[in-house]
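Commentary on secondary and tertiary structure
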Amino acid sequence: RGNHYAYYAYRHQEDGSDSRDKPKLYRLQHSITEVGSDCTEDGAIQLLGPGILPHHCNLMHSEGMVTVTPHGPDADTFVDGQRITETTVLRSGSTLQFGSAHVFKFVDPMFDQGGKRDPNAAMRSRHKSGSVPETTFDLRGDVHSGTALPTSKSSGKLEMERGMVKPMIRGEQQDSSRSQDPSADRTELTLPASIDFRENSEDTFLSAIINYTNSSTVHFKLSPTYVLYMACRYVLSPTYRPDMSPSERTHKVIAIVNKMVSMMEGVIQKQKNIAGALAFWMANASELLNFIKQDRDLSRITLDAQDILAHLVQMAFKYLVHCLQADLNNYMPAFLDDPEEHNPQRPNIEDVLNTLTGAMSLLRRCRVNAALTIQLFSQLFHFINMWLFNKLVTDADSGLCCHYWGAILRQQLSHIEAWAEKQGLELAADCHLSRIVQATTLLTMDKYSTQDVQNIHNTCFKLNSLQLHALMTNYRCAQDEPYIPPELIDHVVAVAENTADELARSDGREVQLEEDPDLQLPFLLPEDGYSCDVVRHLPNGLQDFLEPLLQRGFCRLTPHPRSPGTWTVHFEGADNDNHFSADNSEM
């Protein structure tokens, strides 16, 4: 699962942002830096995902110049949107893309943001102990300023940074262009913005955010989470009813959080058959739960609400799985489509792949946490496995247990595996499609003498004795194919009884013929990968989400230009100084 998450975390959203990947710093030596999926040596940059080759390209830093050289015509590499096939010099501000998912911006601190050499950049860097001029790569968005990033012990290095860049609001652009008065750069440990609402319109305000939000029209899909969190912080602050005692304020916070959670539960229940709404609210429920659990003031007084929110995430997940399984079920007969019949009325494997792609697009649009995405696709892969496997072992008259259909099913499953690999989900597919894959392998391999027993055992180790017996006794030989000797079947079954059966019992599982319709895995709430780790300032689309309420006077949004820009300033153990030093320059 860790590998799954790493693959998925490198994806970026359509707007260039990535709510799953914490900023990561790469340092380019004065030499060649290899980039690719198999590049694991010290100093190399390993990237995983669609379009990334084992040895994708080289980055060369020499004599103050950085170049990129693709490793061949198939190494998808783009500079400023143009595909390159030979060595290309990178200029400060250039956009560099590897494969289809990794997009960076190249920034040379020796140049100002206008692309001109800054003669003071090197001098400024000498004033800071341990700092050197460095080059940063930032995920699609605005560039860092020319000042050196801190804490580089060895000189002469360049840096690449991946992560979420900071969307700007108009007030911040004006603030960054003001005079260089040191007091103007003073930061305040506050959220990037605050919200306040009239007490007599509290229910209307919350209902508009939760009950009457159309998930399909929201640009920033986590807008409800960020608005609700700001509302919680508003009630916690003395700005909200200054006359309240600490005890009264605590009870008020508990009451409003419980109200939010109750409304969210109602929305999920009402829309339990709408995949888009379920993905939207699953993402928001999990993100809001993380905010509340991590907030040093909220976490201790909202334990009951946290339990309910955790239940809501799981409930939305379960409903969403059922919706997507129902969609898949419509196209599962595509696996049994005989290529010799050419029936245009029947679904084909492209319909299955489009269903999976649609599900992935939905989860990405809604900014669903990567760990939840992996668990959800594990359920879908298991559904495919269960549906096909049970067809093979329970319908003896179908004629599917033969070499011909084994080869067809294996070919169809290879399309699913290829799709999963492109999405970074190959480990989930390997795990949860394993029984149907091993079953099709059994149908197509040699099984005609006792000499084949060991090979069958090594290849079909996931299949228990009942499943192997059913597949081999139901097997229909082709006209020119030898029969399976009964003693071979007995020998294979006996080996499985002492291996696969014993393993199942030791895990507390019953040895049974059919695959269970439900994947017997515990639901796990994500431990990390939340949007607050990477989102800076006001996310694009948040103000548009609030605009109808702002116009009607139900609430007021106040940006804080001097905030460090992070949404984790109130988290337990938040390193606010580090947050600000890494993002000090306005973008």
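Here is what the cut-offs are and how they apply
- Residues numbered from 1 in each chain as written.
- Predicted model: local features only at pLDDT ≥ 70, side-chain atom pairs only at ≥ 80, totals over all residues.
- Heavy atoms only, no water.
- Phe/Tyr/Trp six-rings, centres within 6.5 Å; stacked < 30°, edge-to-face > 60°.
- Helix = DSSP H or I, 4+ residues; strand = E, 2+ residues; numbered from the N terminus.
- Buried < 20%, exposed > 50% of the residue type's maximum accessible area, 1.4 Å probe, protein only.
- Lys NZ or Arg CZ within 6 Å of the ring centre and 35° of its normal.
- Contact = heavy atoms within 4.5 Å.
- Polar contact = N/O pair within 3.5 Å; in protein donor to acceptor, adjacent residues only side chain to side chain.
- Salt bridge = Lys/Arg side-chain N within 4 Å of Asp/Glu carboxyl O.
- Lys, Arg positive; Asp, Glu negative; His and termini not counted.
- Expected span 1.5 Å × (residues − 1).
- pLDDT = per-residue confidence, 0-100.
- Disulfide = S-S within 2.5 Å.
- Axes fitted to C-alpha atoms, helices over the stretch in contact; angles between N-to-C directions.
- Parallel < 35°, antiparallel > 145°, perpendicular 65-115°, else oblique.
- Left-handed = near helix turned anticlockwise from the far one by under 90°.
- Nonpolar A, V, L, I, M, F, W, Y, C, P; charged D, E, K, R; others polar.
- Pairing = 2+ DSSP bridges.

As a further point, take the packing of aromatic side chains. Between two aromatic rings, the relevant description is the distance of the centres plus the angle of the planes. The tally for this structure, following the rule as stated, stands at 15 aromatic pairs. Ring centres of Tyr-226 and Phe-291 lie 5.2 Å apart, and the angle between their planes is 85 degrees; on these two criteria the pair is classed as edge-to-face. Of this pair, Tyr-226 sits in helix H5 (residues 223-236) while Phe-291 sits in helix H7 (residues 275-294), and the two are 65 residues apart along the sequence. On the accessibility criterion, Phe-291 (0% relative accessible area) is buried. Judged by centre distance (5.0 Å) and plane angle (90 degrees), the ring pair of Phe-280 and Trp-281 falls under edge-to-face. Among the residues examined, Phe-280 registers a relative accessible area of 0% and is labelled buried. Ring-pair connections join several aromatic residues into one group, and the members of that group are Phe-220, Tyr-226, Tyr-229, Phe-291, Trp-567 and Phe-571. Cation over ring: Lys-447 sits above Tyr-475, and NZ or CZ is 4.3 Å from the ring centre.

Helical periodicity: at 3.6 residues per turn, an α-helix aligns residues three or four positions apart in one direction. Of the residues making up helix H15 (residues 465-473), those classed as buried are Ser-465, Gln-467, Leu-468, Ala-470, Leu-471 and Met-472. Along its buried surface, H15 packs onto helix H10 (370-394), helix H13 (434-444), helix H14 (453-459), helix H16 (486-498) and helix H17 (500-506). Put simply, Asn-464 is the residue that caps the front of H15, since its side-chain oxygen is 3.0 Å from the backbone nitrogen of Leu-466.

Here we come to the pattern of salt bridges. Between side chains of opposite charge, a pair can form as their charged atoms come close. In this structure the tally under the stated criterion is 14 salt bridges. Residues Glu-199 and Arg-241 are paired through a salt bridge, measuring 3.0 Å at the closest nitrogen-oxygen approach. In this pair, Glu-199 sits in the loop between strand E13 (193-197) and helix H4 (202-210) while Arg-241 sits in the loop between H5 and helix H6 (246-270), placing the two residues 42 residues apart along the sequence. Under the relative-accessibility criterion, Arg-241 is labelled partly exposed at 32%. With a closest N to O distance of 2.9 Å, Asp-295 and Arg-233 form a salt bridge. Taken as a pair, Asp-295 in the loop between H7 and helix H8 (303-329) and Arg-233 in helix H5 lie far apart in primary sequence, 62 residues in all.

With that settled, the discussion passes to the side chain of Asp-452. Positionally, Asp-452 belongs in the loop between H13 and H14. Of the side chains bearing the opposite charge, Lys-447 lies closest to the buried Asp-452, which forms no salt bridge; the N-O distance is 8.4 Å. Those residues within four positions of Asp-452 in sequence are excluded, and the remaining contacts are Asp-446 and Lys-447.

Once that is clear, we can look at H10. Taking 1.5 Å as the rise per residue, H10 with 25 residues should run 36 Å; its terminal C-alpha atoms sit 36 Å apart, in good agreement. Within H10, 22 of the 25 residues are buried, which leaves the element mostly enclosed by the surrounding structure. Where H10 begins, one side-chain oxygen reaches toward the backbone nitrogen of Ala-371, 2.9 Å away; that side chain belongs to Asn-369.

Time to look at the confidence of the model for the protein chain. Caution applies to low-pLDDT parts of the model: their predicted coordinates are not meant to be read in detail. Summary statistics for the protein chain give a mean pLDDT of 81 and a share of 79% for residues scoring 70 or more. By mean pLDDT, helix H1 (residues 2-9) is the weakest element of the protein chain at 31, and H7 is the strongest at 97. Note that residues 576-587 has pLDDT below 50 and, in this model, 30 contacts with residues that lie over four places away or in other chains.

Linking two cysteines covalently via their sulfur atoms produces the bond known as a disulfide. By the definition in use, this model includes zero disulfides. Cys-57 carries a free sulfur, and the closest cysteine sulfur to it, the one in Cys-39, is 8.4 Å from it.

As a further point, take the packing of H4 against H5. In the contact formed by H4 and H5, the axes pass within 10 Å of each other and the chain directions differ by 160 degrees. Taken together, H4 and H5 sit at an angle that is classed as roughly antiparallel. For the pair H4 and H5, the crossing hand works out as left-handed. The segment H4 lies against H5, with Phe-205, Leu-206, Ile-209 and Ile-210 engaging Pro-224, Val-227, Leu-228 and Ala-231. Taken together, the residues of the contact of H4 with H5 break down into eight nonpolar, no polar and no charged.

Turning to the sheet that holds strand E4 (residues 57-62), a few remarks are in order. If you trace the five strands from one edge of the open sheet to the other, you get E3-E2-E4-E5-E8, paired in mixed fashion. Single-partner strands in this sheet number two, and they are strand E3 (45-46) and strand E8 (88-89). Sheet topology places strand E5 (residues 65-70) next to E8; two bridges connect them, and they run antiparallel. Bridge assignment links Thr-67 to a residue of E8, and that residue is Val-89.

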